[in-house]
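For reference, the chains in residue letters:
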Amino acid sequence: MKLAVRWLIRAIALLLLLMAGGTFIPRPLLVAAEASSAAVPSKRILLLSGPIHTDIALPLDDRLRASFAFLEDAGVPVSDPAARWLIFGWGGRSFYLETPTWGDLKPMPVLRALTINSSVMHVDVAGGISETHPSVRVLNVDSERFERLLRFIDESFIREDGAVVPIGDRGYGDYDRFFEANGYFNALIGCNTWTAAALRTGGLRTGFWNPLPQTLALSLVLFN
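My aim in this report is to walk through the structure given alongside it, one point at a time. (Residues numbered from 1 in each chain as written. Predicted model: local features only at pLDDT ≥ 70, side-chain atom pairs only at ≥ 80, totals over all residues. Heavy atoms only, no water.)

### Description of the sheet that holds strand E5 (residues 117-126)
Worth spelling out the cut-off: Strand pairing follows a simple DSSP-based rule, namely that at least 2 bridges must link the two strands. A run of H or I in DSSP becomes a helix once it reaches four residues, and a run of E becomes a strand once it reaches two; helices and strands are each numbered from the N terminus. The axes used here are C-alpha line fits, helices contributing only the stretch in contact, and every angle between their N-to-C directions lies in the interval 0 to 180 degrees. Contacts: residue pairs with any heavy atoms within 4.5 Å of one another.
If you walk across this open sheet you meet the 6 strands as E6-E2-E3-E4-E5-E9, and the pairing is antiparallel. Across the chains shown, the open sheet's two edge strands, defined by having one partner strand only, are strand E6 (136-142) and strand E9 (177-185). Direction aside, neighbouring strands of the sheet carry axes that sit 30 degrees apart on average. The pairing of strand E2 (residues 42-49) with strand E3 (residues 54-59) spans 4 bridges and is classified as antiparallel. Paired with Leu-48 across the bridge in E3 is Asp-55. Across the face of the sheet, helix H5 (residues 143-155) comes into contact with E2, E3, strand E4 (85-92), E5, E6 and E9 while running at roughly 115 degrees to E6. Contacting E2, E3 and E6, helix H7 (residues 213-223) runs over the sheet at an angle of about 50 degrees to E6.

Here's what the structure looks like:
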């Protein structure tokens, strides 16, 4: 028993050490010096953080509505004039689909999240989002890197014969939907590491490994 406890303590200490290193070591480690970008147009995007999950919210304009018009057929009303933000999240199929609230938590989705699970994209729209809310972080991305971010998100969807693959009419509400996604989910490479990778394509620096919303948010403060 004492040996098992000792190994458990060591495992927890190692995990904490890895998380600390993943937060305080930037990725990319070095950045090239750039000319002043004061005159470069920028896009304001939002990082939405929950207890264990993060989403990226993009401002809906005509350009974005056209780029993601394919979502309309699946039930995501990107053309609705009242919709001001388009929200993307990536995560494990079992946990995402079967756990809309903590009250729905079941053992099997948790087990799959801790091992390996296929992934899904979750897409939603929103009207006004309070940018001063503690769970919302405002980030600025220049126009060129914003296009890279859009490509990263677009390429996260699985396509069959050129079309995205909705998962039935599954969603948490009337206006959000799930789609088949590229990549595999586990506890080490999860939803927040996808968010971090997406933000890096937008020119932002994150920690080297950010499995939790809290460590991702801290690294964004430290390195940007």
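### Considerations on the environment of Ser-119
Definition in use: Under the rule applied, a polar contact is a pair of N or O atoms within 3.5 Å (in protein, one hydrogen donor and one hydrogen acceptor; residues adjacent in sequence only if both atoms are side-chain atoms).
Summarising the element assignment, Ser-119 is placed in strand E5. The spacing of Ser-119 and Gly-91 is 28 residues in sequence and 5.5 Å in space, taken between C-alpha atoms. Once residues within four sequence positions are removed from consideration, Ser-119 is found in contact with Trp-90, Gly-91, Arg-93, Glu-180, Ala-181, Asn-182, Gly-183 and Tyr-184. Within polar-contact distance, the side chain of Ser-119 engages the side chain of Trp-90 at 3.3 Å. Separated by 2.7 Å, the side chain of Ser-119 and the backbone oxygen of Gly-183 make a polar contact.

### Examining the packing of aromatic side chains
So the rule is basically this: Side-chain rings of Phe, Tyr and Trp, where Trp is taken by its six-membered ring, are said to pair if the distance between their centres is within 6.5 Å; with planes under 30 degrees apart they count as stacked, over 60 as edge-to-face, and otherwise as tilted. Burial classification: accessible surface area is computed with a 1.4 Å probe over protein chains only, and a residue below 20% of its type maximum counts as buried, one above 50% as exposed, and the rest as partly exposed.
Tallying each qualifying case throughout the model produces 9 aromatic pairs. Between the aromatic rings of Phe-88 and Phe-157, the centroid separation amounts to 6.4 Å while the plane-to-plane angle is 80 degrees, which identifies the pairing as edge-to-face. With Phe-88 in strand E4 and Phe-157 in the loop between H5 and strand E7 (159-160), this pair connects stretches of sequence that are 69 residues apart. As far as the burial class goes, Phe-88 and Phe-157 line up, both buried.

### Here's the deal with a nonpolar patch on the surface
To keep it simple, the criterion reads: Two distance rules govern patches: like charges are joined within 9 Å, and nonpolar side chains (Val, Leu, Ile, Met, Phe, Trp, Tyr) within 5 Å, applied only to residues with over 30% relative accessible area and no salt bridge. Calculation of accessible area relied on Shrake-Rupley with a 1.4 Å probe; when residues are assessed, cover is drawn exclusively from the protein chains displayed. Salt bridges are defined by distance alone: a side-chain nitrogen of Lys or Arg within 4 Å of a carboxyl oxygen of Asp or Glu.
Together, Ile-25, Leu-29, Leu-30 and Phe-208 give the surface a local cluster of nonpolar side chains, amounting to about 450 Å² of exposed area. With respect to the helices and strands, the residue Leu-29 is situated in the loop between strand E1 (26-27) and E2.

### Observations concerning the pattern of salt bridges
A pair can form between side chains of opposite charge whenever their charged atoms are brought close. Enumeration over the complete set of coordinates arrives at 7 salt bridges. Asp-61 serves as the salt-bridge partner of Lys-43, at 2.8 Å between the closest nitrogen and oxygen. Here Lys-43, found in strand E2, pairs with Asp-61, found in the loop between E3 and helix H2 (62-67); they are 18 residues apart in sequence, far enough to count as distant. The shortest N-O distance in the salt bridge between Arg-93 and Glu-180 comes to 2.8 Å. One end of the pair, Arg-93, is in helix H3 (residues 93-98); the other, Glu-180, is in strand E9, and 87 residues separate them in sequence. Residue class for Arg-93 comes out partly exposed when judged on its relative accessible area of 26%.

### Comments concerning the packing of H5 against helix H6 (residues 191-201)
Here is the rule: As a working rule, the residues Ala, Val, Leu, Ile, Met, Phe, Trp, Tyr, Cys and Pro are called nonpolar, Asp, Glu, Lys and Arg charged, and the rest polar, with Gly in that last group.
Relative orientation of the contacting elements H5 and H6 amounts to 145 degrees, with a least axis distance of 7 Å. Facing Arg-145, Arg-148, Leu-149, Phe-152 and Ile-153 of H5, the residues of H6 in contact are Trp-194, Ala-197, Ala-198 and Thr-201. Class assignment for the residues of the contact of H5 with H6 results in 6 nonpolar, 1 polar and 2 charged.

### Some remarks on the pairing of E3
For E3, a buried count of 6 out of 6 residues is recorded, marking the element as mostly surrounded by other parts of the structure. Residues Thr-54, Ile-56 and Leu-58 of E3 are buried on one face, and the alternating residues Asp-55, Ala-57 and Pro-59, pointing to the opposite face, are buried as well. Counted between consecutive antiparallel strands, the loop separating E2 from E3 contains 4 residues. Where E3 and E4 come together, 4 bridges link them in antiparallel fashion. Paired with Pro-59 across the two strands is Trp-85, which belongs to E4.

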